[in-house]
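Topology and contacts: notes
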Amino acid sequence: MNHPAIPTALPDLPEAPLHRQITQALRARIIDGDWPAGARLPSESALGAEFLASRITVRQALGALQQEGLIYTQQGRGSFVSRPKAVQDVARLRGFAEQMGADGYEVRNRLLGLAEVPADARVAARLGVREGAGVIEIRRLRLLNREPISVELTWLQREPGLKVARADLETRDIFVILEDDCKVQLGQADLALDAVAADAELAARLKVARGAPLLRVERLTHDSAGRPVDYEFLYFRGDAFQYRFKVDRYPSVLE
């Protein structure tokens with residue numbers, strides 16, 4: 001896609017230095033998918049000619065993109081678009097979009113399935129319902145900067161699941177819907193992590209080879225009273241996601 005050169009000063013950012021304007025323009029192209037992951041950016045001289053900027057200014061812009069993790073460089077070959085890698089801190093219970101949006105990423109959801117299904121033994125035990133009871137099952141593909149990052153399988157009790165099912169699952173986190181629409185005050189979550197191999201469906205959804213390693217997160221979220229609310233499995237690309245923990249050797253004893 002061809003883009004016109006930007007002027008020396010943009011009307012909406014009259015005081016922004018040129019290297020920041022270039023950074024913003026290149027960032028937009030990456031996020032919009034004009035340059036997909038692995039694509040090589042134009043050379044410094046080509047970018048300088050396009051933006052009417054010196055090579056030093058272009059290097060400043062590219063350096064900012066590299067610090068953001070959007071590009072990487074190879075000696076003698078140039079700059080390339082990185083595959084987005086998300087880092088989520090589990091010190092606080094937050095939805096994926098809440099965390100990534102706060103860090104400046106663009107998060108999108110693609111709804112893969114939404115149905116009321118009979119709870120199998122595992123789901124029933126986690127949600128505290130009888131086996132075979134109707135629960136709401138939601139399947140979504142999460143995209144980070146328009147690249148597939150995870151497949152999310154969620155089960156909710158019929159109430160508030162029906163209300164969640166009527167919400168905009170393409171743009172909103174389920175945690176936010178539960179709190180804002182269903183007035184459920186979330187409390188804490190139990191998490192378990194392991195590595196699994198991508199089956200055919202997950203491989204196709206996440207654009208990885210069949211058998212590629214995935215990070216699987218099993219999460220059971222409770223409300224503030226300790227009642228189970230949300231049970232899910234999250235399948236993350238092994239090369240694009242990282243959970244971070246902070247642990248104490250001697251946890252403080254609550255009074």
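Now for a quick tour of the structure. Predicted, not measured: the structure shown is a model, and the values here were computed from it.

**What to know about helix H3 (residues 55-67)**
Since the α-helix turns once every 3.6 residues, residues separated by three or four places project in the same direction. Between its terminal C-alpha atoms H3 stretches 18 Å, which fits the 18 Å expected from 13 residues at 1.5 Å a residue. All buried positions along H3 are accounted for by Thr57, Val58, Ala61, Leu62 and Leu65. Seen along its axis, H3 keeps its buried residues to an arc of 135 degrees; they face one direction. Opposite the buried face of H3, at more than 90 degrees from it, the exposed residues are Ile56 and Gln67. Against helix H1 (18-32), helix H2 (44-51), strand S1 (71-74) and strand S2 (78-81) lie the buried residues of H3. Just past H3, the residue Gly69 takes up positive phi, approximately 85 degrees.

**Some points on the packing of H1 against H2**
Taken N-terminus to C-terminus, the directions of H1 and H2 make an angle of 110 degrees; their axes are 12 Å apart at the nearest point. Regarding the angle of H1 to H2, the classification is roughly perpendicular. Counted together, Leu18, Ile22, Ala25, Leu26 and Arg29 of H1 and Leu47, Glu50 and Phe51 of H2 form the full contact between these two elements. By residue class, the composition of the contact of H1 with H2 is 6 nonpolar, no polar and 2 charged.

**Observations regarding the nonpolar core**
Judged by nonpolar contacts, the single largest core of 22 residues is most densely connected at Val123, Trp155, Leu214, Tyr231 and Tyr235. Among the secondary structure elements, those contributing two or more residues to this core are helix H5 (121-127), strand S5 (134-144), strand S6 (147-157), helix H8 (200-206), strand S8 (213-223) and strand S9 (228-237). Judged by nonpolar contacts, the second largest core, of 17 residues, contains Ile22, Trp35, Val58 and Ala61.

So, how was this worked out
- Residues numbered from 1 in each chain as written.
- Predicted model: local features only at pLDDT ≥ 70, side-chain atom pairs only at ≥ 80, totals over all residues.
- Heavy atoms only, no water.
- Helix = DSSP H or I, 4+ residues; strand = E, 2+ residues; numbered from the N terminus.
- Expected span 1.5 Å × (residues − 1).
- Buried < 20%, exposed > 50% of the residue type's maximum accessible area, 1.4 Å probe, protein only.
- Arc of directions from axis to C-beta.
- Contact = heavy atoms within 4.5 Å.
- Axes fitted to C-alpha atoms, helices over the stretch in contact; angles between N-to-C directions.
- Parallel < 35°, antiparallel > 145°, perpendicular 65-115°, else oblique.
- Nonpolar A, V, L, I, M, F, W, Y, C, P; charged D, E, K, R; others polar.
- Core = buried A, V, L, I, M, F, W, Y, C linked by side-chain atoms within 4.5 Å.

This is a description of form; function is not addressed.
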